[in-house]
Structures are given as C-alpha cells and as structure tokens.
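Fold and contact review
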2 protein chains.
Amino acid sequence: MSDEFYMNLALNEAWKYQILTYPNPAVGCVVLDKSGKILSIGAHKKAGFLHAEPSAILLALCEISDDFLHKFILNYDQKFNTNFLDISDKHELLEKLKEVYLNAVFTYDFIMQNHGDLLDGAKAYVTLEPCSHYGKTPPCANLFVQLKFAEVVISCEDKNKIASGGISILQNAGIKVKVGVLKQDGGMLLKPFLSWQEGNFSFLKVALSVNGAATGGVISNETSRAHMHSIRSIVDLLVIGGNTVRIDRPKLDARLVKNGKSPNVLIFSREQKFDESLPLFHVKGREVEISNSLLRAKKSPLVMYEGAQEFLNLAKNGALPNVKWLLLYQSSNFKNEPNLLSQIYLKSVFRSNFADDSYGWYEIV
Amino acid sequence: MSDEFYMNLALNEAWKYQILTYPNPAVGCVVLDKSGKILSIGAHKKAGFLHAEPSAILLALCEISDDFLHKFILNYDQKFNTNFLDISDKHELLEKLKEVYLNAVFTYDFIMQNHGDLLDGAKAYVTLEPCSHYGKTPPCANLFVQLKFAEVVISCEDKNKIASGGISILQNAGIKVKVGVLKQDGGMLLKPFLSWQEGNFSFLKVALSVNGAATGGVISNETSRAHMHSIRSIVDLLVIGGNTVRIDRPKLDARLVKNGKSPNVLIFSREQKFDESLPLFHVKGREVEISNSLLRAKKSPLVMYEGAQEFLNLAKNGALPNVKWLLLYQSSNFKNEPNLLSQIYLKSVFRSNFADDSYGWYEIV
Ligand SMILES: [Zn+2]
Ligand SMILES: [Zn+2]
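Chain A has the name Riboflavin biosynthesis protein RibD in an unreviewed UniProt entry, where Campylobacter californiensis is given as its organism. As stated in UniProt under Function (unreviewed entry), the record for chain A gives "Converts 2,5-diamino-6-(ribosylamino)-4(3h)-pyrimidinone 5'-phosphate into 5-amino-6-(ribosylamino)-2,4(1h,3h)-pyrimidinedione 5'-phosphate."

Another point: the packing of aromatic side chains. Following the criterion strictly, the structure yields 51 aromatic pairs over all chains and no others. Centre to centre, the rings of Trp15 of chain A and Trp325 of chain A are 6.1 Å apart; their planes meet at 25°, and the pair counts as stacked. Residue Trp15 of chain A is found in helix α1 (residues 3-15), and its partner Trp325 of chain A is found in strand β11 (residues 323-330); the two are separated by 310 residues along the sequence. Each ring, one from Phe350 of chain B and one from Tyr359 of chain B, has its centre 6.4 Å from the other, and the planes form 70°; the classification is edge-to-face. Here Tyr359 of chain B falls in the buried class, since its relative accessible area comes to 4%. In this structure, Arg246 of chain A is placed above the aromatic ring of Phe274 of chain A, and the distance from its NZ or CZ to the ring centre is 4.1 Å.

Let's shift gears to the coordination of the zinc ion (ligand 1). Residue and element names in this part refer to chain A. Looking at the zinc ion (ligand 1), the protein donor atoms are His51 (ND1), Cys131 (SG) and Cys140 (SG), and they sit 2.0 to 2.3 Å from it. All donors to the zinc ion (ligand 1) come from one chain, and their sequence spacing reads H-x79-C-x8-C. In this pair, His51 sits in the loop between β2 (38-43) and α2 (52-64) while Cys140 sits in helix α6 (residues 140-146), placing the two residues 89 residues apart along the sequence.

Residues and elements named next belong to chain A. Most of strand β7 (residues 237-241) sits out of view: five of its five residues are buried. The alternating pattern of β7 places Leu237, Val239 and Gly241 on one face and Leu238 and Ile240 on the opposite face, and all of these are buried. Of the strand pairs in this sheet, β7 and strand β10 (residues 302-306) are connected by four bridges, and their pairing is parallel. Looking at β10, one finds that Val239 is bridged to Tyr305. Two strands pair when backbone bridges link them, and β7 and strand β8 (residues 265-268) are joined in this way by four bridges, in the parallel orientation. When the sheet's bridge partners are listed, Gly241 is paired in β8 with Phe268. The handedness of the β7 to β8 crossover, carried by helix α10 (residues 242-248), is right-handed.

All names here are of chain A. In this fold, Asp77 is placed in helix α3 (residues 66-80). For the buried residue Asp77, which engages in no salt bridge, the nearest side chain bearing the opposite charge is Lys96, 11 Å off. Within the structure, Asp77 has its side chain in polar contact with the backbone nitrogen of Asn83 (distance 3.3 Å). With sequence-adjacent residues up to four places away left out, Asp77 is seen in contact with Thr82, Asn83, Phe84 and Leu85.

Residues and elements named next belong to chain A. Pairing is mixed in the open sheet, where five strands are placed in the order β2-β1-β3-β4-β5. Strands at the two margins of the open sheet, each flanked by one partner only, are β2 and β5 (176-179). Each strand axis lies, on average, 15° off the axis of its neighbour in the sheet, ignoring direction. Summarising the sheet, strand β1 (residues 28-32) and β2 pair through five bridges and their orientation is antiparallel. Paired with Cys29 across the bridge in β2 is Gly42. Each of β1, β2 and β3 (123-128) is contacted by α2, which is oriented at about 150° to β2, the strand it contacts most. Helix α8 (residues 183-197) contacts β3 and β4 (151-156) of the sheet and is inclined by roughly 65° relative to β4.

As a further point, take the relation of the copies chain B and chain A. Mapping chain B onto chain A calls for a screw motion: a turn of 180° about the axis and a shift of 0.0 Å along it, with 0.0 Å RMSD after fitting. Taken together, the rotation and translation relating the two chain copies correspond to the operation of a two-fold axis. Among all residues of chain B, the minimum C-alpha distance to the rotation axis is found for Lys37 of chain B, at 2.0 Å.

Residue and element names in this part refer to chain A. Taken in spatial order, the eight strands line up as β9-β8-β7-β10-β6-β11-β13-β12 in an open sheet, and their pairing is mixed. At either end of the open sheet lies a strand with only one pairing partner, and these are β9 (288-291) and β12 (346-354). Neighbour to neighbour, the strand axes of the sheet diverge by 20° on average, direction disregarded. Taken together, the five bridges between strand β6 (residues 201-208) and β10 define a ladder with parallel strand orientation. Counterpart to Phe203 in the pairing with β10 is Met304. Lying on the sheet, helix α9 (residues 222-232) is in contact with β6, β7, β10, β11, β12 and β13 (357-364); it crosses β11 at an angle near 150°.

Residue and element names in this part refer to chain A. Contact geometry of α1 with α8 gives a least axis separation of 11 Å together with a crossing angle of 10°. Between α1 and α8, the crossing angle belongs to the class labelled roughly parallel. Each of Leu11, Ala14 and Trp15 in α1 lies in contact with α8, whose residues at this interface are Asp185, Gly186, Met188 and Leu189. Split into classes, the residues belonging to the contact of α1 with α8 amount to five nonpolar, one polar and one charged.

Turning our attention to the domain arrangement of chain A. Residue and element names in this part refer to chain A. For chain A, the assigned domains are domain 1 (3-191) and domain 2 (199-364). Distance between the C-alpha centres of domain 1 and domain 2: 32 Å. On the side of domain 2, 15 residues touch domain 1, which itself brings ten residues to the contact. Of the roughly 1200 Å² buried between domain 1 and domain 2 on both sides combined, carbon and sulfur atoms contribute 75%. Per-residue buried area on domain 1 facing domain 2 is highest for Trp15, Ile19 and Tyr22; these three make up 53% of the total on that side. On the surface where domain 1 and domain 2 come into contact, there are one salt bridge. Where Lys191 meets Glu363, a salt bridge forms, and the shortest distance between an N and an O atom there is 3.3 Å. Here the residues of the side of domain 1 that touches domain 2 are counted per class, giving five nonpolar, two polar and three charged.

Pairing is possible between side chains that carry opposite charge, provided their charged atoms lie close to one another. Under the counting rule described, the total for this entry stands at 35 salt bridges over all chains. Residues Glu151 of chain B and Lys176 of chain B are paired through a salt bridge, measuring 3.8 Å at the closest nitrogen-oxygen approach. Of this pair, Glu151 of chain B sits in strand β4 (residues 151-156) while Lys176 of chain B sits in strand β5 (residues 176-179), and the two are 25 residues apart along the sequence. On the basis of relative accessibility, which here comes to 12%, the residue Glu151 of chain B falls in the buried class. Through salt bridges with shared partners, a single network forms among Asp3, Lys123, Glu151, Lys176 and Lys178 of chain A.

We now examine the interface of chain B and chain A. Facing the 46 residues of chain B at the interface are 46 residues of chain A. Interface area for chain B against chain A, summed over the two sides, is near 3600 Å², with a carbon-plus-sulfur share of 52%. When the buried area of chain B at its contact with chain A is split by residue, Met1, Phe334 and Arg351 of chain B rank highest and sum to 21% of it. Applying the counting rule to chain B against chain A returns zero salt bridges. Between the two partners, chain B and chain A, sit 33 residue pairs in polar contact (both at pLDDT 80 or more). Listing elements by their share of the side of chain B that touches chain A, those giving two or more residues are α1 (3-15), β2 (38-43), β11 (323-330), β12 (346-354) and β13 (357-364) of chain B.

So, about helix α5 (residues 104-114) of chain A. Residue and element names in this part refer to chain A. For α5, every residue scored as buried is listed here: Ala104, Phe106, Thr107, Tyr108, Phe110, Ile111 and Asn114. Of the surrounding elements, those touching the buried residues of α5 are α2, α3 and α6. Of the residues that open α5, the one with a side-chain oxygen 3.1 Å from the backbone nitrogen of Val105 is Asn103. Where α5 ends, the next residue or the one after it, Gly116, has phi of about 55°, a positive value.

Rules of the game
Residues numbered from 1 in each chain as written. Chains lettered and ligands numbered in written order. Predicted model: local features only at pLDDT ≥ 70, side-chain atom pairs only at ≥ 80, totals over all residues. Heavy atoms only, no water. UniProt positions renumbered as here; feature names shortened; annotations may be inferred. Phe/Tyr/Trp six-rings, centres within 6.5 Å; stacked < 30°, edge-to-face > 60°. Helix = DSSP H or I, 4+ residues; strand = E, 2+ residues; numbered from the N terminus. Buried < 20%, exposed > 50% of the residue type's maximum accessible area, 1.4 Å probe, protein only. Lys NZ or Arg CZ within 6 Å of the ring centre and 35° of its normal. Donors = N, O, S within 2.8 Å, 3.2 Å for Na, K, Ca; no water. Pairing = 2+ DSSP bridges. Right-handed = clockwise from strand over helix to strand, strands pointing away. Lys, Arg positive; Asp, Glu negative; His and termini not counted. Salt bridge = Lys/Arg side-chain N within 4 Å of Asp/Glu carboxyl O. Polar contact = N/O pair within 3.5 Å; in protein donor to acceptor, adjacent residues only side chain to side chain. Contact = heavy atoms within 4.5 Å. Axes fitted to C-alpha atoms, helices over the stretch in contact; angles between N-to-C directions. Least-squares fit on C-alpha atoms with pLDDT ≥ 70 in both. Parallel < 35°, antiparallel > 145°, perpendicular 65-115°, else oblique. Nonpolar A, V, L, I, M, F, W, Y, C, P; charged D, E, K, R; others polar. Domains from an automatic or database assignment. Buried area = accessible area lost by both parts, 1.4 Å probe.

Printed below as a string of structure tokens:
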C-alpha cells in the first residue's frame, strides 16, 4: 500500500478532534512495525494531554506486548486511580486507552523507560512535523530517536518557530524522513490552527435534515449533538442571532459533554432588550453580551456562529468576519418543513458520520 | 489492529461496485502477508470478470514482486492488446490494474502458474465465503489452498447451494478459517444480491442539493452522474414518472459510461399519450413501455426508480413494489429552490463521496 494510504488513516483520525485540540493543532499518527504491519492509529485529542505521536506509540507498544500493556495500566491505575485493570478484554482495553485523555508527562516518561526497543526499525506517519520543544513533555521527535524508529513520513512541515526543528532531530539521528505526503490535505487539517494563531478562526455551524430543513424541532441525533457540545465547550465565543434567541429559546450549553464548559455568548442583534427568562441567560459561569457589532467576535481567537437562514445569508455576503468554513450536521431524515434557501457553494474539506447523521467541514467558495 | 479494521476495508471496497456486479454479489477482499502487512485491497467489479479474491491476490503478488508484475503485464499485453507496459510508474500501474476489468480465466490461470509461493502464510479477509464451484474460472477457495494461505477471515457464509462449500475446502486443506467478522455489515452488502436472486431488487434513486432541492437544473457533479449512468447501464428496467418525463424531458441514457447500455424504460403514467419527440424515445436499443401498472417492474430482477417528490411519496406509502432502499446523491451546494417534502426516515447503509458530492445507500424505515 502507498504512503498516501497510511497518511490518510492518520489524517482521518486527526480530523475527529479538529477544534477540540485548541489551542494546539489537530495531529494524527500511524505506527507500523518494521515489517510494515499497522500497529496503531492515534491522535492528539486535547491540549495539555498526550500528543499524537506518544498516543500512537503507546497503543503500538500495548498492541505488541501484553507485558508492556499490563505494566502500564498497573502503574497508571495506581497513580491516577483509574480502573483499566478491570477491563479484561484486550481489544476493549486498547479501545479505552485510545479514547481517554491520558496524562502527558507520566505516559511520555513511561514509554521512554519501558519501550524495551520493541519498536526498533518501526515506521511512523505523522500529519505534522513532530515537535522539538520542551512543553508539558519533552519533544516528540526525541521519542522516535530514543525508540530507534527507522523512518518517519510527514505530511506538513511545522512553520512555527518554537515547535519546528523536529525533522532535523530525526535526520541527525539517522532516521529516514519523507516530507510532503498528502501535503494539501495536511494543510487543510492545520488551517484552523494557523488561523487562530494569527488571531482568529471563525466558522458557521448549521444543522439540517437531509432535505435541507432547519426548523421543526430537534434535527441532529444525540451523537451529533454531543460532538456539537464538545465544540461549544472549547470555543472562546458563541455568536447567535437575536431572532433565533427569541424564537428557539436555546440554552446553548454543553450538557451532553462530561465537564462541558458553557461558552460565552454574543447575541448579535440591533434590538438590545431580551426577555430575562430566556434559558441562555441562566447558565452558570457564562458571560452574555448583546450587541449589534461583531467586534468581540473579531477579537476572540476561536469563534463559532450557530445559525440558519439569517447567518447563512450574512456568510454568503461576507458579513460574518473571517467565516470561511461551515460545519454542517445533516440527519438522514426528511422533514415536512421548508428548506434554508441560499446559493452558497461549498467545497468539502472533511466528512464523516455519526451513526445515521453525517457531518462535515466545508469551505465556502 | 482488529479483524474488524481489515474487514471494513474489504467491505468499503466492495460497496464501490454495489449493483454493478449484477447478477453476481458485490464482494471485497484484503490480503495481508504473513507478517500482517496489507498487500492489497480488491473487489469483484463486473460479472464475467475476476472475482474479488483473485483480484486482491493478483494485486498482492504485483505489490511484492516486480518480476511477477512485469511478467504478468507482458503476457497480458500480448494476449489482449492492452498497453500496461507503457506505464512506467509502479504505483500508477497498480492503480490501473486495480481499476480495469481483467480477463477472469487468463488471470486466474496466470496466478496459479506463477505465484511462486510468494503468498505462503498469507492472510485474507473476504466479505463472502469464497466460491467452491467451477464457473467462468475454477473455485476461488482453491486459489487460497494452492497459494498456501495460512488464514482466511470471512464476514458472511454463502447460503447459495451451488457456490457454497468454500469453507470446507479451506478447512480440509488446513487453512484457519474465522467466520462472522462484521457479519451484519457483510449481510447488508449482500442484500441486493439475495433480493434479486429471489426475483426482484428495486430501489429509488434521488438527487438533491445540500438543502434538499431536486429542481433548478443539474444537481450532481460529473462523477456522481457517471456513477449513476453505470448503474443505469446495469439495471433491467428504469421506472420514471409521467410528469417527470413531460417536464424534465430526460434522455435517461448512459452516455457518461464507456460502452454504456441505455436501460429499458417504464413510464409510470395514467395518461398514455406522450410527445413523440421526447428524447428518451429516440435512444437506440431501448424499449419503452407506458403503463399505469408497475407489473413489469415487479417481474424484472433489478429495477431502479428515478424520481423526486412523486416517487418519494409513493415509496413512503409502500406503493412502489419492493422499494426498501434509497440511493441518494447529494451535492455540497445550496440552491435557491424549494425542497422535496416528506417525512421519510432513513437508516444509513453505506455512504461515500464523489469529490464534493456525497452519495449513499439508505434503508427506508
Ligand atoms: Zn509533540
Ligand atoms: Zn470466486
């Protein structure tokens, strides 16, 4: 199989956590053993937790060595009061380790001390040049060196001055490095990160039935809405139109996510008076601003607009600052409701499914 | 990685050719070498041509041995006047071999005579029990035996009395067999085949903009339409509503496919008189019937209904005989046109993309 095949697996895994890694970039990593067998697919999931490379490396070591796996969960359970040892099925345990947020420092150190050269000669695919700086953990590039990887394939170089330099570290250690595989796709994955680094990334979220209706009650299924809530939990600001607030009376919280943080809200409205009993005013720890200006949205690094017809029209006319991407949730059900009307043309950036719903990131063209 | 991971690759490859293999079932196959490295992903593409297993095996042998690859294309070019030798890039050549319809008998025999035990100890994932009967070619099960595969993982057993027995052949030769991996998904893939074997498989095709409009000019992109034409080229009968014929004046041919066969058409209409200048009446080699009965559709093994609002309503009311599946093409563009209205609920069976368009098979629930 081609390098593109494996890089695509890494990219798809990274996309699952797009936005959720804020302020870090979304990154994915695939590890193959020296004979070319896929051992693991990992991603960076949340800032402050494991990077993509140690995530994939941990899973790879657990996959090939039951001793390593057992020792890791024994130590992790003791240190963090988790209950990994209770899961007896290996497949289930690996799924669990893939899904949870693991402590970055402990896991990195544990890998460094216990890898036992099990990945000697291995190959990795990473969507972004491995970091070379000491942040929460030492550099990921060092991991590949220490574990004696033979080759690292990279989609995009890191132009960030603090984090870049990973390629040199790898090459200086004699690791074969190939850069630029699915470079364009890797670049699209990085776009939100590069935008908020430059000051702002804004996008418009819309939820539709399969026949384009945005009205008539709940549209998306629970998995879609939980994903939406996890994004709400991460953004600096949620912008909503005054009419939507009045008609739909949304709460705009993150209740479907464990420890979800309700986002600050900007109600974009000429009319400044709103019924004080509206649910969104009564969510703990949130600020609400009512304004006919989007200045605050322009100044916040990560902003989500939630809307329907009104915001779609504004986006088409370029009246929502920096909104070039659309996040679309679409159910598989037809509704007996009229559709949103527009002539916006979209270019698909990434698409996937939440059970019968689909969701996707699109560029507005 | 789990068996499910590899079986999923085989299933996705098979779905690309759903319906197009008629009257054969859609089947996919993945081959790993003895160390677990993926060598190839193949599928059955068209009745009369290679089955999924020899397709994947051929690609696997070409992947690992340049000598085998060279000898194969040299012989194939000589025998069939193809020009594989002109393609110098190996990756491109493998893509080409994956894409074209290869002669079944020649390729099967070539593999049998030239495999050189290169796949000794290999592992295969097949979505359907390998065949055990002598059709155009000898049984696929024999291939695995002859090439000394160590293990074959199968999603669904074959209940067909003529083709089944593959598992026994494998087991009697000492090959490890695991059955039932992603059995439900494998079963969904087989459903159309099982239906037309019992007399009839019918489905409704709809094309929509992202906001649910089916009007206002061309909706789907060229790739979607070519796929649609390849399906038209395969079905026994295309059913269309009288109003659609009058208003849209469609030609309903298969011009976007090389050697595409224009389907026979049943115009479903109370009114029997149609303007003789309508384009669909002037397509070579086609029969057109105008009727207010769907009897002919019920009696044809493979039937596609193409429609919009009218057929959607009939499908919801169970008035289109045996129509339980919807084939939906959906573009990424919003249109300034009203949507189709319905309360049909759909369950996603398979979804994929054609560039910015998406398409999917759905069960009507
Ligand atoms: Zn890192
Ligand atoms: Zn066969």
